[in-house]
Amino acid sequence: MKATPGSRGARGRVRGVIRAYLLGGIALLPWGPRVGAQAARPSEYQLKAVFLFNFAQFVDWPAGAFPDSTSPLVIGVLGDDPFGPYLDETVRGETVRGRPLQVRRYPKIEDIRTCHILFVSPSEESRLENILASLKHRAILTVGDGEGFAKRGGMIRFVSERNKVRMRINVAAAEAAQLTISSKLLRAAEIVTSGKP
(Lines give C-alpha, C1' and ligand atoms only; values in the text may rest on other atoms or scores of the structure.)
Protein backbone atom coordinates (compact mmCIF):
# COMPACT_ATOMS: atom_id res chain seq x y z
CA MET A 1 0.00 0.00 0.00
CA LYS A 2 1.44 3.40 -0.99
CA ALA A 3 2.05 5.81 1.90
CA THR A 4 0.37 9.19 1.84
CA PRO A 5 2.38 12.32 2.70
CA GLY A 6 0.89 12.41 6.20
CA SER A 7 1.30 8.71 6.92
CA ARG A 8 3.91 7.22 9.23
CA GLY A 9 5.84 5.62 6.32
CA ALA A 10 6.08 8.86 4.37
CA ARG A 11 6.91 10.76 7.56
CA GLY A 12 9.77 8.35 8.23
CA ARG A 13 11.13 8.75 4.68
CA VAL A 14 11.02 12.55 4.93
CA ARG A 15 12.78 12.40 8.32
CA GLY A 16 15.43 10.11 6.88
CA VAL A 17 16.11 12.44 3.98
CA ILE A 18 16.38 15.46 6.27
CA ARG A 19 18.60 13.61 8.74
CA ALA A 20 20.90 12.61 5.87
CA TYR A 21 20.84 16.23 4.73
CA LEU A 22 21.82 17.49 8.16
CA LEU A 23 24.50 14.86 8.72
CA GLY A 24 25.88 15.06 5.21
CA GLY A 25 25.98 18.82 4.95
CA ILE A 26 24.05 18.92 1.68
CA ALA A 27 23.48 22.54 0.70
CA LEU A 28 19.90 22.32 -0.57
CA LEU A 29 16.89 20.14 0.02
CA PRO A 30 14.05 20.02 -2.54
CA TRP A 31 10.35 20.18 -1.81
CA GLY A 32 7.21 20.41 -3.87
CA PRO A 33 5.61 18.15 -6.48
CA ARG A 34 7.77 15.93 -8.65
CA VAL A 35 6.34 15.52 -12.13
CA GLY A 36 5.94 11.90 -13.17
CA ALA A 37 7.05 10.50 -9.82
CA GLN A 38 5.09 7.79 -8.04
CA ALA A 39 5.07 9.71 -4.75
CA ALA A 40 4.86 13.47 -4.35
CA ARG A 41 7.62 15.25 -2.50
CA PRO A 42 6.60 16.79 0.80
CA SER A 43 5.18 20.29 0.84
CA GLU A 44 7.32 23.20 2.05
CA TYR A 45 5.78 23.21 5.53
CA GLN A 46 5.83 19.42 5.85
CA LEU A 47 9.56 19.68 5.27
CA LYS A 48 9.94 22.54 7.72
CA ALA A 49 7.98 20.59 10.37
CA VAL A 50 10.49 17.75 10.09
CA PHE A 51 13.36 20.23 10.30
CA LEU A 52 11.92 21.54 13.59
CA PHE A 53 11.76 17.97 14.91
CA ASN A 54 15.37 17.36 13.85
CA PHE A 55 16.59 20.60 15.43
CA ALA A 56 15.67 19.07 18.80
CA GLN A 57 18.34 16.43 18.17
CA PHE A 58 21.07 18.88 17.15
CA VAL A 59 20.76 21.56 19.85
CA ASP A 60 21.69 21.40 23.53
CA TRP A 61 19.78 23.47 26.08
CA PRO A 62 21.08 24.49 29.52
CA ALA A 63 19.81 22.32 32.37
CA GLY A 64 17.64 25.15 33.69
CA ALA A 65 15.56 25.17 30.47
CA PHE A 66 13.64 22.14 31.76
CA PRO A 67 11.76 22.00 35.08
CA ASP A 68 12.82 18.36 35.60
CA SER A 69 14.29 15.33 33.82
CA THR A 70 10.93 14.16 32.47
CA SER A 71 9.63 17.52 31.25
CA PRO A 72 8.69 17.60 27.55
CA LEU A 73 10.64 19.42 24.89
CA VAL A 74 8.18 22.00 23.58
CA ILE A 75 8.04 23.13 19.95
CA GLY A 76 5.94 26.26 19.71
CA VAL A 77 4.40 28.27 16.90
CA LEU A 78 3.92 31.98 17.52
CA GLY A 79 1.15 33.62 15.48
CA ASP A 80 -0.70 32.10 12.53
CA ASP A 81 0.13 28.40 12.12
CA PRO A 82 1.36 27.60 8.58
CA PHE A 83 1.94 23.90 9.39
CA GLY A 84 -1.65 22.67 9.69
CA PRO A 85 -1.55 19.12 11.08
CA TYR A 86 1.99 18.37 9.84
CA LEU A 87 3.91 19.50 12.91
CA ASP A 88 1.68 17.52 15.29
CA GLU A 89 1.92 14.45 13.03
CA THR A 90 5.70 14.76 12.86
CA VAL A 91 6.29 14.72 16.63
CA ARG A 92 3.45 12.41 17.68
CA GLY A 93 4.81 9.62 19.89
CA GLU A 94 8.42 10.79 19.50
CA THR A 95 11.04 11.44 22.16
CA VAL A 96 14.40 13.19 22.07
CA ARG A 97 16.97 12.23 24.73
CA GLY A 98 14.20 10.59 26.71
CA ARG A 99 11.93 13.63 26.62
CA PRO A 100 8.52 13.53 24.93
CA LEU A 101 7.84 16.23 22.35
CA GLN A 102 4.87 18.59 22.55
CA VAL A 103 3.56 21.18 20.13
CA ARG A 104 2.01 24.37 21.49
CA ARG A 105 0.57 27.35 19.67
CA TYR A 106 0.83 30.86 21.04
CA PRO A 107 -1.33 33.75 19.79
CA LYS A 108 1.05 36.30 21.37
CA ILE A 109 4.52 36.40 22.93
CA GLU A 110 3.14 36.94 26.44
CA ASP A 111 1.50 33.48 26.28
CA ILE A 112 4.86 31.68 26.17
CA ARG A 113 5.75 30.09 29.49
CA THR A 114 7.71 26.97 28.52
CA CYS A 115 9.13 26.61 25.02
CA HIS A 116 12.39 25.25 23.60
CA ILE A 117 12.00 25.68 19.83
CA LEU A 118 9.84 28.56 18.64
CA PHE A 119 8.78 29.02 15.04
CA VAL A 120 7.92 32.68 14.55
CA SER A 121 5.20 32.81 11.91
CA PRO A 122 5.36 35.28 9.01
CA SER A 123 2.22 36.84 10.54
CA GLU A 124 4.48 38.26 13.28
CA GLU A 125 6.85 40.04 10.86
CA SER A 126 5.92 43.56 11.98
CA ARG A 127 6.56 42.66 15.65
CA LEU A 128 9.74 40.63 15.14
CA GLU A 129 12.16 43.03 16.86
CA ASN A 130 9.94 43.19 19.97
CA ILE A 131 9.49 39.40 19.99
CA LEU A 132 13.21 38.70 19.75
CA ALA A 133 14.00 41.35 22.36
CA SER A 134 11.55 39.79 24.83
CA LEU A 135 13.12 36.33 24.26
CA LYS A 136 16.71 37.57 24.35
CA HIS A 137 17.75 35.95 27.64
CA ARG A 138 15.58 32.84 27.38
CA ALA A 139 16.91 29.48 26.19
CA ILE A 140 14.54 29.28 23.21
CA LEU A 141 15.76 28.38 19.72
CA THR A 142 14.05 30.93 17.47
CA VAL A 143 13.27 29.79 13.93
CA GLY A 144 11.54 31.67 11.13
CA ASP A 145 11.35 32.13 7.41
CA GLY A 146 10.74 35.87 7.17
CA GLU A 147 13.04 38.12 5.18
CA GLY A 148 16.14 38.98 7.21
CA PHE A 149 15.12 36.79 10.17
CA ALA A 150 18.72 35.91 11.11
CA LYS A 151 19.95 39.45 10.39
CA ARG A 152 17.40 40.75 12.85
CA GLY A 153 18.54 38.41 15.63
CA GLY A 154 16.64 35.18 14.98
CA MET A 155 18.69 31.99 15.30
CA ILE A 156 17.69 29.86 12.31
CA ARG A 157 16.12 31.15 9.12
CA PHE A 158 14.62 28.89 6.48
CA VAL A 159 15.34 30.21 3.00
CA SER A 160 13.08 28.80 0.25
CA GLU A 161 14.25 29.40 -3.30
CA ARG A 162 13.22 27.55 -6.46
CA ASN A 163 11.58 24.71 -4.49
CA LYS A 164 14.60 24.23 -2.24
CA VAL A 165 15.01 24.88 1.48
CA ARG A 166 18.30 26.09 2.97
CA MET A 167 19.19 27.31 6.45
CA ARG A 168 20.94 30.41 7.69
CA ILE A 169 22.10 30.24 11.31
CA ASN A 170 23.01 33.14 13.58
CA VAL A 171 25.38 31.35 15.98
CA ALA A 172 25.97 34.44 18.13
CA ALA A 173 22.23 34.75 18.82
CA ALA A 174 22.07 31.08 19.88
CA GLU A 175 25.14 31.40 22.11
CA ALA A 176 23.67 34.49 23.78
CA ALA A 177 20.71 32.31 24.82
CA GLN A 178 23.10 29.59 26.12
CA LEU A 179 22.18 27.18 23.32
CA THR A 180 24.78 24.96 21.71
CA ILE A 181 24.15 24.04 18.08
CA SER A 182 25.84 20.86 16.87
CA SER A 183 28.62 21.25 14.32
CA LYS A 184 26.70 18.76 12.16
CA LEU A 185 23.84 21.22 11.87
CA LEU A 186 26.19 24.15 11.34
CA ARG A 187 27.93 22.36 8.45
CA ALA A 188 24.58 22.10 6.65
CA ALA A 189 23.89 25.84 6.94
CA GLU A 190 25.17 29.24 5.98
CA ILE A 191 26.46 31.03 9.08
CA VAL A 192 25.33 34.65 9.38
CA THR A 193 25.66 37.42 11.90
CA SER A 194 23.24 40.15 12.89
CA GLY A 195 23.32 42.70 10.13
CA LYS A 196 23.61 40.12 7.29
CA PRO A 197 20.35 38.86 5.69
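Whatever comes next refers back to the structure up there.
Read on for a plain summary of the structure. Being a predicted model, the structure only gives us computed values, none of them experimental.

Things to note about the packing of aromatic side chains
Then, number 1: Counting across every chain of the model gives seven aromatic pairs.
Then, number 2: Measuring from ring centre to ring centre gives 5.9 Å for Phe-55 and Phe-158, while their planes differ by 15°; the resulting arrangement is stacked. Remark: Phe-158 occurs in strand β8 (residues 156-161) and Phe-55 occurs in helix α2 (residues 44-58); sequence separation between them is 103 residues. Residues Phe-55 and Phe-158 agree in their burial class; the two are buried.
Then, number 3: One aromatic cluster is present, built from ring pairs that chain together Tyr-45, Phe-83 and Phe-119.

So, α2
An α-helical turn contains 3.6 residues, so a residue and the one three or four places further along point in the same direction.
Then, number 1: Helix length check: α2, at 15 residues, gives a terminal C-alpha distance of 21 Å against a target of 21 Å (1.5 Å per residue), a fit within 8%.
Then, number 2: With respect to burial, α2 is a largely interior element, 14 of its 15 residues being buried.

A look at the pattern of salt bridges
Then, number 1: This structure, assessed with the given rule, holds 13 salt bridges.
Then, number 2: In this structure, the salt-bridge partner of Lys-48 is Glu-44, at a minimum N-O distance of 2.5 Å. Placement of both Lys-48 and Glu-44 in helix α2 is noted, with a separation of four residues, approximately one turn of the helix.
Then, number 3: Note on Glu-44: relative accessible area 18%, which makes it buried.
Then, number 4: One salt-bridge network, in which partners are shared between bridges, spans Glu-161, Arg-166, Arg-168 and Glu-190.

Thresholds, definitions, all that
- Residues numbered from 1 in each chain as written.
- Predicted model: local features only at pLDDT ≥ 70, side-chain atom pairs only at ≥ 80, totals over all residues.
- Heavy atoms only, no water.
- Phe/Tyr/Trp six-rings, centres within 6.5 Å; stacked < 30°, edge-to-face > 60°.
- Helix = DSSP H or I, 4+ residues; strand = E, 2+ residues; numbered from the N terminus.
- Buried < 20%, exposed > 50% of the residue type's maximum accessible area, 1.4 Å probe, protein only.
- Expected span 1.5 Å × (residues − 1).
- Salt bridge = Lys/Arg side-chain N within 4 Å of Asp/Glu carboxyl O.

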